[in-house]
Amino acid sequence: MVPISQKAVEKYGEKWTQPNVFVGSGPFKLAEWIVNEKVIGIRNPQYWDNAHTIINKVTYLAVTSETAVVNRYLAGEIDITKSIPSVSFNSLKTKLGSQVHISPKLGVYYYEFK
């Protein structure tokens with residue numbers, strides 16, 4: 001879950017996600033949001049640990065294809081991805097070595113019986 005500003009939602013309604021009114025609690029402020037393309041965050045000087053924030057700008061791309069993400073990574077267009085095609089795992093692990101990490105994920109599953 002991610003906290004959102006109740007005051008901003010009440011004041012701006014459906015426009016509470018616009019960059020000029022969005023209120024966040026992380027190290028980056030929303031600078032630009034182009035739906036289905038990218039989200040750009042810039043350093044938030046009001047972040048509680050701003051003194052230790054070393055990145056000034058981040059760009060999150062909306063790429064839905066794992067293959068496209070891997071191709072962009074291999075071309076040097078992006079720096080990180082959290083998923084790769086399972087069929088490519090072994091070859092990428094061989095080719096990229098320690099650049100391919102396996103991290104545990106926490107999940108909650110609910111089953112409904114009728």
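Above this text sits the structure in question.
Structure report, in brief.

The rules behind these values
Residues numbered from 1 in each chain as written. Predicted model: local features only at pLDDT ≥ 70, side-chain atom pairs only at ≥ 80, totals over all residues. Heavy atoms only, no water. Pairing = 2+ DSSP bridges. Helix = DSSP H or I, 4+ residues; strand = E, 2+ residues; numbered from the N terminus. Axes fitted to C-alpha atoms, helices over the stretch in contact; angles between N-to-C directions. Parallel < 35°, antiparallel > 145°, perpendicular 65-115°, else oblique. Contact = heavy atoms within 4.5 Å.

**With respect to the pairing of strand β2 (residues 38-43)**
Note that strand β1 (residues 28-34) and β2 share six bridges and pair antiparallel. Along β2, the bridge assignment pairs phenylalanine 28 with arginine 43. The turn joining β1 and β2, which pair antiparallel and follow one another in sequence, is formed by three residues; a positive phi near 65 degrees is taken by asparagine 36. As paired strands, β2 and strand β3 (residues 57-61) are joined by five bridges and run antiparallel to one another. Across the sheet, residue lysine 38 finds its bridge partner in β3, namely leucine 61.

**Structural notes on the packing of helix α2 (residues 66-74) against helix α3 (residues 89-96)**
α3 packs onto α2 with a crossing angle of 10 degrees between their chain directions and a minimal axis gap of 13 Å. As far as their axial angle goes, α3 and α2 are roughly parallel. Note on element contacts: α3 touches α2 through Leu92, Lys95 and Leu96, opposite Val70, Tyr73 and Leu74.

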